[in-house]
Amino acid sequence: MASITLKNVDKTYDGDVKAVSGFDLEIKDKEFVIFVGPSGCGKSTTLRMIAGLEEISSGEIYIGDRLVNYVEPRDRDIAMVFQSYALYRHMTVYKNMAFSLKMHKVPKEEIDRRVRETAEMLGLTHLLDRKPGALSGGECQRVALGRALVRSPSVFLLDEPLSNLDAKLRSDMRAEIIKLHKKLQTTFVYVTHDQTEAMTMGDRIVIMKKGLIQQVDSPKDIYDHPKNKFVAGFIGTPQMNFFDGEIKTEGGRCFAEACGSRFAIDGRYAAFSGRKVCVGVRPEHMELCAGAAPENVISGGRIELVELLGSDINVHASLGDIRFVVRSQWQSGLEMGSAVNVRVDTSRIHIFDAETEENLAMTETEAEA
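What counts and how
Residues numbered from 1 in each chain as written. Predicted model: local features only at pLDDT ≥ 70, side-chain atom pairs only at ≥ 80, totals over all residues. Heavy atoms only, no water. Domains from an automatic or database assignment. Buried area = accessible area lost by both parts, 1.4 Å probe. Salt bridge = Lys/Arg side-chain N within 4 Å of Asp/Glu carboxyl O. Polar contact = N/O pair within 3.5 Å; in protein donor to acceptor, adjacent residues only side chain to side chain. Helix = DSSP H or I, 4+ residues; strand = E, 2+ residues; numbered from the N terminus. Nonpolar A, V, L, I, M, F, W, Y, C, P; charged D, E, K, R; others polar. pLDDT = per-residue confidence, 0-100. Contact = heavy atoms within 4.5 Å. Expected span 1.5 Å × (residues − 1). Buried < 20%, exposed > 50% of the residue type's maximum accessible area, 1.4 Å probe, protein only. Pairing = 2+ DSSP bridges. Axes fitted to C-alpha atoms, helices over the stretch in contact; angles between N-to-C directions.

**A closer look at the domain arrangement of the protein**
Then, in step 1: Per the domain assignment, the segments making up the protein are domain 1 (4-232) and domain 2 (238-368).
Then, in step 2: Just the C-alpha atoms count here: the centres of domain 1 and domain 2 sit 38 Å apart.
Then, in step 3: Surface buried jointly by domain 1 and domain 2 totals about 1,100 Å² across both partners, of which 52% is contributed by carbon and sulfur atoms.
Then, in step 4: In this assembly, domain 1 and domain 2 are joined by one salt bridge.
Then, in step 5: Where Arg-348 meets Asp-224, a salt bridge forms, and the shortest distance between an N and an O atom there is 3.4 Å.
Then, in step 6: Taken together, the links from domain 1 to domain 2 amount to seven residue pairs in polar contact (both at pLDDT 80 or more).
Then, in step 7: Among the secondary structure elements, those contributing two or more residues to the side of domain 1 that touches domain 2 are helix 7 (219-224) and helix 8 (229-234).
Then, in step 8: Among the elements that make up the side of domain 1 that touches domain 2, the one with the highest residue count is helix 7 (three residues).
Then, in step 9: Partitioned by chemical class, the residues of the side of domain 1 that touches domain 2 number four nonpolar, three polar and three charged.

**Thoughts on the confidence of the model for the protein**
Then, in step 1: On average, the protein scores 91 in pLDDT, and the residues at 70 or more come to 98%.
Then, in step 2: In the model, residues 365-369 has pLDDT below 50 throughout and makes one contact with residues more than four positions away in sequence or in other chains.

**Side note on helix 4 (residues 137-149)**
Since the α-helix turns once every 3.6 residues, residues separated by three or four places project in the same direction.
Then, in step 1: Along its 13 residues, helix 4 runs 18 Å from first to last C-alpha, staying within 8% of the 18 Å computed at 1.5 Å per residue.
Then, in step 2: Burial of helix 4 is extensive: twelve of the 13 residues sit out of reach of the surface.
Then, in step 3: Regarding helix 4, the residues found buried are Gly-138, Glu-139, Cys-140, Gln-141, Arg-142, Val-143, Ala-144, Leu-145, Gly-146, Arg-147, Ala-148 and Leu-149.

**Looking at the sheet that holds strand 7 (residues 155-159)**
Then, in step 1: Ordered by their spatial adjacency, six strands build an open sheet running 6-7-8-3-9-10, and the pairing between neighbours is mixed. In the strand order of this sheet, the two ends are held by strand 6 (78-81) and strand 10 (212-217), each with one partner. Neighbouring strand axes in the sheet, compared pairwise and without regard to direction, differ in orientation by 15° on average.
Then, in step 2: Note that strand 3 (residues 32-36) and strand 9 (residues 204-209) share four bridges and pair parallel. Bridge assignment links Val-33 to a residue of strand 9, and that residue is Arg-204.
Then, in step 3: Set on the sheet, helix 1 (residues 43-51) makes contact with strand 3, strand 6, strand 7, strand 8 (187-192) and strand 9; between it and strand 7 the angle comes to about 150°.
Then, in step 4: Across the sheet, helix 5 (residues 167-184) touches strand 3, strand 7 and strand 8, and the angle it forms with strand 8 is around 160°.

Structure below.
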């Protein structure tokens, strides 16, 4: 088993295209860490640098206590699972899983034992004599996992392994991978652009944007305490609502004024009085209400769309040019074009600096520290 350490790692391609910049991260032994971010943010490039499939431009990468900058991929004691499965189409499942062990000259008896134990673990025993063309997408992905598992590596690297599966299979495979991690007690690094995978699978999430780390934290802390507007908007479905506003103080109280309303906020924000801000509120921290109010209520909105999600609904509404979404339970009279008022849970509000987009609550905390 092994930890992974990246120290000030950069990756620059020809033409001075910077894919990853100043990447610093310590991944603990047996930890499950998720790299997440939009396409082109550098998450897969970072994973490939850990694997040795991409050379780093500068910095240091350690697996355990060993510097691996110049160590060949096959000698890093890692196994990688790819989005495309990368199975040998002319080989049976058994031979696909046994291939890397055969190349490492593992004795035949040991190969057979490992393949059959792993196949049993993944529910593949009845498929060992089939070729990939006769398998479903989910079965192919389990074979790809099995091929990695038989090697018993110190580190598993998974690059968007579920993106080719349908929604039901993705959900099932997420659960299987979580179980595998708990059973194997091995370091997992998992790349995805799917925030649901990030929130449900990892011990910690690394959120990236344009080659830079935006925040590293547990799923709950990232959700509750996003470091900046990008993180806040990226994590959460539907995404967080944002309203341009300003911080004001009056009568010893502090408010965020936005979209024609004012929201009572914690007095610690008084230090930012007069600051132009962006007010962030998640759809589930808003509720439909019967009437207008002088505080904490967005009044005079119009319903544009109602999405039925089973027990819940998403109400898409507008106030002039402002658009927002409310997660609620079904109520009668929710029709397109009808008026709607929305109460905001101000204890769950987020205030971002309009210019830097940093979360002012975290800026204040860091200043005090």
